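Coordinates in review
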Amino acid sequence: MSRVFHPKIDIAAVVFDGFSDKDTRVITKAQLSKFFKDSQKESIPDLPEEVTEWDVNDAFAQFILADGNFLVGEKNVVDESSMTSPMSHYFINSSHNTYLTGDQLLSDSSTDAIKRALLHGCRVIELDCYDGGKDGPIIKHGGTRTKAILFKDAIVAIEADAHTVSEFPVIVTLENHCCVAKRDEMAQILKDCLGAKLAIPASDKMSKWPSPASLKNKVIIRDKLKHKQDKKGAKEKAAPAAPEEIPEENSDDEGEDDMEVPIAGGPLLQLVTVPNSKFKDFEDAMAPGAKLFSCSWGEAKLLSRVQKTEKSVLTKFTEKHLLRCYPAGHRFMSDNYDPSPAWETGAQMVALNFQANDKPMWINRGKFTANGNAGFILKPKWLLDPLVAQPTVATKKFSITVLAGTGWENFKFAELVGAPDTYVKVSVTGNTVDAKTFQTNTFTDQRKGPNAQPFFDATAFKFETKQTDLAVLLFTVYDKDTVSQDDFLAQYSCPVSLLRPGMRVLPLYDEAGKYVGNSKYGKTCLLVKIE
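All values reported here derive from a predicted model rather than from experimental measurement.

On to the packing of aromatic side chains, then. A ring pair, where both rings are aromatic, is described by two values, the distance of the centres and the angle of the planes. Using the criterion set out here, one finds 25 aromatic pairs in the structure. Connected via pairs of aromatic rings, a cluster forms that spans Phe 16, Phe 19, Phe 35, Phe 36, Trp 54 and Phe 63. We note Lys 367 situated over the ring of Trp 343; from NZ or CZ to the ring centre the distance is 4.5 Å. A cation over a ring is seen here: Lys 425 above Tyr 478, with NZ or CZ 5.6 Å from the ring centre.

A word on unusual backbone geometry. Although it is not a glycine, Arg 25 adopts a positive phi angle of roughly 55°. Relative to the helices and strands, Arg 25 resides in the loop between helix H1 (11-15) and strand S1 (26-28). Residue Asn 97 is not a glycine yet carries a positive backbone phi of 45°. Tracing the chain through its elements places Asn 97 in the loop between strand S3 (90-92) and helix H4 (111-119).

Moving on, we come to helix H3 (residues 56-64). Three or more residues of H3 are buried, namely Val 56, Ala 59, Phe 60, Phe 63 and Ile 64. Summarising the axial view, the buried residues of H3 lie within an arc of 105°, below the 170-degree limit, and thus occupy one face. On the buried face of H3, the contacting elements are H1, S1, helix H2 (29-38), strand S2 (53-55), strand S20 (502-507) and strand S23 (525-530).

What follows deals with the pairing of strand S7 (residues 170-176). Consecutive residues of a regular strand have side chains that alternate between opposite faces of the sheet. S7 sits mainly inside the fold: 7 of its 7 residues count as buried. Burial along S7 is two-sided: Val 170, Val 172, Leu 174 and Asn 176 and Ile 171, Thr 173 and Glu 175, pointing in opposite directions, are all buried. Here 6 bridges tie strand S4 (residues 124-133) to S7, and the two strands are oriented parallel to one another. Bridge pairing in S7 places Leu 127 opposite Leu 174. The pairing of S7 with strand S8 (residues 219-224) spans 4 bridges and is parallel. Across the sheet, residue Thr 173 finds its bridge partner in S8, namely Arg 222. Handedness of the β-α-β unit built from S7, helix H6 (residues 180-194) and S8 comes out right-handed.

Summarising the element assignment, His 96 is placed in the loop between S3 and H4. The class for His 96 is buried, based on a relative accessible area of 6%. Separated by 2.8 Å, the side chains of His 96 and Asn 353 make a polar contact.

Counting 62 residues, the largest nonpolar core has Leu 127, Phe 151 and Ile 158 as its most contacted members. Of the residues forming this core, the biggest block, 6 residues, is contributed by H6. Ignoring anything within four residues of it in the chain, the contact list for Phe 151 reads Leu 127, Cys 129, Pro 137, Ile 138, Ile 139, Leu 174, Met 186, Ile 189 and Leu 190. By size, the runner-up hydrophobic cluster in this structure holds 30 residues, among which are Phe 398, Phe 411, Phe 443 and Phe 463.

So, how was this worked out
- Residues numbered from 1 in each chain as written.
- Predicted model: local features only at pLDDT ≥ 70, side-chain atom pairs only at ≥ 80, totals over all residues.
- Heavy atoms only, no water.
- Phe/Tyr/Trp six-rings, centres within 6.5 Å; stacked < 30°, edge-to-face > 60°.
- Lys NZ or Arg CZ within 6 Å of the ring centre and 35° of its normal.
- Helix = DSSP H or I, 4+ residues; strand = E, 2+ residues; numbered from the N terminus.
- Buried < 20%, exposed > 50% of the residue type's maximum accessible area, 1.4 Å probe, protein only.
- Arc of directions from axis to C-beta.
- Contact = heavy atoms within 4.5 Å.
- Pairing = 2+ DSSP bridges.
- Right-handed = clockwise from strand over helix to strand, strands pointing away.
- Polar contact = N/O pair within 3.5 Å; in protein donor to acceptor, adjacent residues only side chain to side chain.
- Core = buried A, V, L, I, M, F, W, Y, C linked by side-chain atoms within 4.5 Å.

Shape is all these values report; function is a separate question.
See the structure below:
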């Protein structure tokens, strides 16, 4: 790939410093081999025997700007051997109110939102289900003015792209407000539209959850076993709340059953692989012979439980049962909460608003690039076994130096005149223990062409991570503004565990996860050094 860097930085000389001849600007095959061994920590690629030396500019273009020289390597593939544990042993890429295109009160529901989530690797799709009319059950956010779509259309969209990105299972979680008759319709729609993809549980007495590997190319259903609308004396037809009614901020029973309501049988119940249920207390949930279940906690309830409950109890609970966390009701604009505390707790399904395009979503995307974008990541041992101690000392030490950027013409509209005043934040997130942020100096040479490309002082940002298996590295690029809030330009994130040492190219994405760049100005990237 062809790249242009600022003329004030001799980027090739910086990259090969200590390995090439500074006077002749030549690097020999032996020196290049040493560079790959000592800096890149990998073997030298196959080279033609007749070539014995390179001009450093040519070597930079051929080896550093190579398509495979990204921060995370091409070998990030699914570890099939890790996919045979019970489903409760994994973090699962999860969404909240997946059908919404915007805010939680007035936006449209759309199958496009479902498709987008699936194409971004989401494995848990949430649908709020209501009776609807003669055309069948509908999907909408109850108690709001959001527009509805048909349940059938949502299921058709799921069938179409459930396994486009990942062959591992999609969980459709139903917040089900439908009456018995409409639930029967839902069951038939699921069977008709999903066909062989629909997983039908063999028994409601599982001793352990099925594994992701055993459910390849399947769609599984998560729903309550008991429904409030079936309570004695309730109307046969459960109507959604009035449009003026705002969802309760601290509603912590999203999608859970009412313990006072009897279990209603029927064809939909026969399709539920993941029963969603309230529980009395942790002792009751962990009693010998207790059935497996899933439950949902809002972000406030999660933090409260963490403060009041011993870690070993939470570890045992989330090793056996499935825990889904979701945004608080006050997040009307579909902004997200920090997923880190939920991941630290061992919650498998940390549901986010995929349409938000905010920092928690960037972190989530980075986290789930692990394991070949399968959407399932095996939890670390200390979140599966209370006898395994949580790490208290650094398990990984590394430094990051942001050297320069290229493709900055793509940001020419960030300022009225010239290029933006660029700085980069480098953060470790994904858990609260290792959280740390550094910031580069601000590049202010507002010019066009090569002079628009930023470069930064050679400051090495040093990190130490204890919970390396949870840690996510986040780069955010901003335009410094002296009269208002700094403007966001681009971002990139990845698991710390997948970092490759050496001189690496870091692709930049916009807030929605789309690669920044076009055919005219090329792709926008940062060049960084990892040690």
